[in-house]
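Chain residues, written in single-letter form:
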Amino acid sequence: MKKVLALILAVMMLAALLTSCGKAAAPAQTAPLPVTTPAESAEPGAAPAPTSIETLIIGTAADLETPSRSVYNFDVYSGTLSQLAPVYIDENANVQPLATEFATSDYKTWTLTVVDGLTWHDGVPVTAEDIKFTIEYNALQSTGEPQTTYAEINVIDERTVELVLPSANVRHLSGLTTLRLMPKHIFEGIEDMTTATTEQMTIGCGPYEFADYNADARTYTFVANENFIWGKPNVETVIFRTFGSVDTLNLALKAGEIDMVYAYAGGVGAAAAEDFKTAANVSLFPVKDTSNTAVLVFNNNTAPASDINFRKAVAFAIDYDKFRELFGSEYSARSTAGFVPSGTFGYIDTPELVRDLDKAREYLTALGVSDADGDGIVELGGKPLTLELMVRSDIPVYERYAELLKANLAEVGIELTLNITDVPSFREITEQTHTNQAMVTKFTAFGMAMQAGMGTAYMSGLGASNGQGQIMDETFDAIVQRLKTAATPEEYLKAAAECQQYYAENTPAIALFRDSYIQAYNSSLGGFTVDGTFGILNARTWYSVTKK
Amino acid sequence: MKQTIRQLISAFACLLVIVAVNFFLPRMMPGDPVLMLTGLEDDLVSQAEYAMYREKLGLDAPVAAQLGLYVKSLLKLDLGHSYHYKRSVGSMLAERIPNTLRVAVPAVIISSLLAMLLATYAGSKNGGVGDASITGAMIIMNAVPVFLLCMLLITVFAYHLGWLPFGGLASANAHNAVADRLRHLVLPVTALSLSALPSKYLILRNQVAASTEEKYVLYARARGISENRIRYVHIFRNVSQTFVTMVGLNVGFVLSGSLIAENIFSIRGMGQLMTGAISARDFPTLQGCLFVSALAVIAADIVTRLVCLALDPKVRLGIYEAE
């Protein structure tokens, strides 16, 4: 027995040895921040912070890999802390200045002026050359070709750059909300961005400086930049921490181990939001809907969804109330014809979608179907009328949406088959081959605003590679052109209304329900500032957030 | 000695088969091997890029020459380049294998020791209350999937009791690094140990139960040797071959079993790398992971056989063969 005990002791010692053989957890490097009084500046740092929060931990289920601008998750998260874009979109879908002031007289030539006193974290001033360099460098890195977005990029003076578009675009600035500025003096000699060092890859000009990536703790640590033009933010240290699953992430928030959960363009699910309501220490913030949580997107260029009668039949067969009941949060609303979320710039009211099985059957009759064999599934041209629905395997709730859709459509005799695909296959199909018949997916706020806006980048089959809806219709294309070339906001709004009307009449996609972008945080926090793209996590929030 | 050489030769043959499978698999699968190995998309890659990658991967050369190059690079421990992670596979594995081992090694040891103690006790009490209770618990535990076990442990010990962290291998700003790291290891190691325990226990327990009827046990009792000594020295020594073989096989299980645990506990190990590689169809990384796993299993098999030889004089001296 003594030998057994000795053996157990040896095992425990071995375990201790194994734990200590790795790199010790490095403390967050404190950036050399000189002590200064808060800069005299306009919003949001003008008012002194009411309280200072030492550390705020944001949990995420996204994978935190090596910190680098070329890594998607780092780019998104640092974009709310250490990197700045020229502009941001506020909660009312209006573009506002961030790193630059902007002006235009004809919506074709946009003048951006770097805000006074803005510097990179190494102290070098941010200049107009940096903006020009960022646009040109990004194009070269992503396509290997010079940029084609602008007809000209003219540096006017140290802080002013003129971006000349080939034609007027009133919404052009909304595309700049994710253009994180790059320091020319750091990157101009680096031909392949991925070869840059971590220090080079993480330098920014935002209110925080990147301090540390701890691979064992799976965290990014950012420390306050006291030299920032708005002064020192209210939170000293912000840590992003990754969790293995959404369930553990939500439990950690309830247990008070983290202060906020964050999922870009996702928020917390309705079931989690319901669960959080029972936790005294968790508060919810519903951001106005600028994204679509659950959309049924038809491939409008492939049978059977290429026929409007089929799409209408499906639209009338869906039980929208059941979708809200099963999947929506308390902030959800019934879907409306034309899937554009109400927070979108250019949105108009359209009728609510309702379930009407008789009308669904009328449209199917118009399609020319019959149930000759009496098995409950209608036939078209002698074959059962089926719709193959593609869903991504990494988002399980989509399969649940599909199950309800299957039951709904079966009631009018349409057979729905499920095609569960991995992410690379999903991308290949939606961006290149377009061989699917329909899919369930979500539309992000940024995606809805991309290119001509109004979700046209998702729907057009003639433009972007990500044209999931594959609309190849002259009428729609003409609307997209009007959106793209609108010379005034009035012209754009008129075209946007036409666009949404087109969606409402032609049903190329159906929002299964509408919901807010719900963000959850520890109830001891408050005073967040809301951003139309990123919700409560954005550069300005760090100057308004307080601890009760 | 002869046996040892024979076993080494068979292990080497296994290794050759694995190398061949690893080499031919992406080349035999439907689709273009350049796109398969680089993860590039057909429509997005230019002709010049395609040609550059084709040359870089050596796909212009005859297959025999390609195989030669592949083996040569393996000998230099060059496991290829991941175009998805934009890094060499070897460097990624070097970062992650220690993390996997930190969880897997204690799990193998703890589960083996527990299996040994419990199985020997329960087997010697064949049919008793202790045996029924332990065996019943093990059968139930055997039916619990690893992910559920992980979530249960997190819910109880991290969420409700708040004793242990939710995941990771360390805290962002830990003051006592060793203690902090040990705290982070408790839940993943427990989860893996508990998931590896029942299969070992059940096999070993049956062996021990059968051994209690053997004459040598009767003689030992007749000599007045204590029950504990009979159980843990006499009986265990006789079933130790099975035990050692199971522990050896467990290396492969733990490497794959940690795939789930690493993801749930957010540990940046080999299992998590494999998951990412699968979902991104990153063939070079997957090839590297499979090669290293296979090497570990082969090495464990060799060690297992050698230990068995050392433990059992009947095998070592070839008595069975003489009979």
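The structure displayed is predicted, hence computed values, not measured ones.

Draft legend 1. Structural view of the overall build of chain A. Looking only at helices and strands, chain A has 16 helices and 22 strands in total. Within chain A, the fraction of its 548 residues that count as buried is 56%. Of all intrachain contacts in chain A linking residues separated by at least 6 positions in sequence, the fraction that spans at least 24 positions is 69%.

Draft legend 2. Spatial organisation of the confidence of the model for chain B. All names here are of chain B. Averaged over every residue, the pLDDT of chain B is 84; the share at 70 or more is 89%. Put simply, helix H14 (residues 319-322) is where chain B has its lowest mean pLDDT, 52, and helix H7 (residues 146-160) is where it has its highest, 94. On the interface metric, ipTM, the complex scores 0.78, and its pTM is 0.78.

Draft legend 3. Broad picture of the pattern of salt bridges. Residues and elements named next belong to chain A. Counting across every chain of the model gives 25 salt bridges over all chains. Residue glutamate 236 is joined to lysine 232 by a salt bridge in which the shortest nitrogen-to-oxygen separation is 2.4 Å. With a relative accessible area of 28%, glutamate 236 lands in the partly exposed category. Glutamate 411 serves as the salt-bridge partner of arginine 355, at 3.1 Å between the closest nitrogen and oxygen. Placement of the pair is arginine 355 in the loop between helix H9 (320-327) and helix H10 (357-367) and glutamate 411 in the loop between helix H11 (396-410) and strand S17 (415-421), with a sequence separation of 56 residues. Classification of glutamate 411 as partly exposed rests on a relative accessible area of 41%.

Draft legend 4. Up close: the nonpolar core. Residue and element names in this part refer to chain A. By size, the foremost hydrophobic cluster in this structure holds 73 residues, and its most contacted members are Ile58, Leu118, Leu163, Phe187, Phe240 and Trp542. Counting residues per element, this core draws most heavily on helix H3 (residues 128-143), which supplies five residues. If you look at the next biggest cluster of nonpolar residues, it comprises 41 residues, including Ala294, Ala317, Tyr320 and Phe323.

Draft legend 5. Spatial organisation of the state of the cysteines. One pass over the full model with this rule turns up zero disulfides over all chains. Cysteine Cys289(B) remains unbridged, with the sulfur of Cys150(B) as its closest cysteine sulfur at 19 Å.

Draft legend 6. Representation of a negative patch on the surface within the structure. A cluster of acidic side chains, namely Asp371(A), Asp373(A), Asp375(A) and Glu415(A), defines a negative patch on the protein surface. With respect to the element layout, Glu415(A) can be found in strand S17.

Draft legend 7. Region of the structure containing the packing of aromatic side chains. Residue and element names in this part refer to chain A. Inspection of the entire model under this criterion finds 35 aromatic pairs over all chains. Ring centres of tyrosine 208 and tryptophan 542 lie 5.7 Å apart, and the angle between their planes is 75°; on these two criteria the pair is classed as edge-to-face. In this pair, tyrosine 208 is assigned in strand S8 (residues 208-214) and tryptophan 542 in the loop between strand S21 (525-526) and strand S22 (546-547), connecting sequence segments 334 residues apart. Taken as a pair, tyrosine 208 and tryptophan 542 share a single burial class, namely buried. Ring centres of phenylalanine 323 and phenylalanine 327 lie 5.7 Å apart, and the angle between their planes is 40°; this geometry places the pair in the tilted category. With phenylalanine 323 and phenylalanine 327 both in helix H9, this residue pair falls four residues apart, about one helical turn. On the basis of relative accessibility, which here comes to 8%, the residue phenylalanine 327 falls in the buried class. An aromatic cluster is built from Phe74, Tyr77, Phe210, Tyr213, Tyr220, Phe222, Phe240 and Tyr262, whose rings are joined through pairwise contacts. When the ring centre of phenylalanine 426 is taken as reference, the NZ or CZ atom of arginine 392 above it lies at 5.5 Å.

Draft legend 8. Spatial organisation of the sheet that holds strand S7 (residues 160-164) of chain A. Residues and elements named next belong to chain A. Across the sheet, which stays open at both edges, the four strands sit in the order S4-S5-S7-S6 with antiparallel pairing between neighbours. If you trace the sheet from one side to the other, it starts and ends with strand S4 (100-104) and strand S6 (152-155), each paired once. Pairwise comparison of adjacent strand axes, ignoring direction, gives a mean angle of 20° for this sheet. In terms of strand pairing, strand S5 (residues 109-114) meets S7 through five bridges, oriented antiparallel. Within S7, the residue paired with threonine 109 across the bridge is valine 164. Running at roughly 155° to S6, H3 makes contact with S4, S5, S6 and S7 of the sheet.

Draft legend 9. Here's a closer look at the domain arrangement of chain B. Residues and elements named next belong to chain B. Assigned domains within chain B: domain 1 (2-89) and domain 2 (95-322). With 24 residues of domain 1 at the contact, the number on the domain 2 side is 25 residues. Considering only the surface of domain 1 that becomes buried against domain 2, Gln7, Asn22 and Tyr85 emerge as the three largest contributors, covering 23% of it. There are one salt bridge connecting domain 1 and domain 2. As a salt-bridge pair, arginine 87 and glutamate 95 come within 2.7 Å of each other at their nearest N and O atoms. For the interface between domain 1 and domain 2, the tally reads four residue pairs in polar contact (both at pLDDT 80 or more). Elements represented by at least two residues in the side of domain 1 that touches domain 2 include exactly helix H1 (2-28), helix H2 (33-38) and strand S1 (81-82). Partitioning the side of domain 1 that touches domain 2 into residue classes produces 15 nonpolar, eight polar and one charged.

Draft legend 10. Examining the sheet that holds strand S16 (residues 386-392) of chain A more closely. All names here are of chain A. If you trace the five strands from one edge of the open sheet to the other, you get S17-S16-S18-S13-S19, paired in mixed fashion. Each edge of the sheet is formed by a strand with only one pairing partner; in this case those strands are S17 and strand S19 (509-513). Going across the sheet, the axis of each strand differs from the next one's by a mean of 30°, ignoring polarity. Across five bridges, the pairing between strand S13 (residues 292-298) and strand S18 (residues 438-443) is antiparallel. Bridge pairing links asparagine 292 to phenylalanine 443 in S18. Lying over the sheet, H11 contacts S13, S16, S17, S18 and S19, oriented at roughly 165° with respect to S17.

Here is what the cut-offs are and how they apply
- Residues numbered from 1 in each chain as written.
- Chains lettered and ligands numbered in written order.
- Predicted model: local features only at pLDDT ≥ 70, side-chain atom pairs only at ≥ 80, totals over all residues.
- Heavy atoms only, no water.
- Helix = DSSP H or I, 4+ residues; strand = E, 2+ residues; numbered from the N terminus.
- Buried < 20%, exposed > 50% of the residue type's maximum accessible area, 1.4 Å probe, protein only.
- Contact = heavy atoms within 4.5 Å.
- pLDDT = per-residue confidence, 0-100.
- Salt bridge = Lys/Arg side-chain N within 4 Å of Asp/Glu carboxyl O.
- Core = buried A, V, L, I, M, F, W, Y, C linked by side-chain atoms within 4.5 Å.
- Disulfide = S-S within 2.5 Å.
- Patch = residues over 30% accessible without salt bridge, like charges linked within 9 Å, V, L, I, M, F, W, Y side chains within 5 Å.
- Areas by Shrake-Rupley, 256 points an atom, 1.4 Å probe, with all protein chains shown as cover.
- Lys, Arg positive; Asp, Glu negative; His and termini not counted.
- Charge placed at Lys NZ, Arg CZ, Asp CG, Glu CD.
- Phe/Tyr/Trp six-rings, centres within 6.5 Å; stacked < 30°, edge-to-face > 60°.
- Lys NZ or Arg CZ within 6 Å of the ring centre and 35° of its normal.
- Pairing = 2+ DSSP bridges.
- Axes fitted to C-alpha atoms, helices over the stretch in contact; angles between N-to-C directions.
- Domains from an automatic or database assignment.
- Buried area = accessible area lost by both parts, 1.4 Å probe.
- Polar contact = N/O pair within 3.5 Å; in protein donor to acceptor, adjacent residues only side chain to side chain.
- Nonpolar A, V, L, I, M, F, W, Y, C, P; charged D, E, K, R; others polar.

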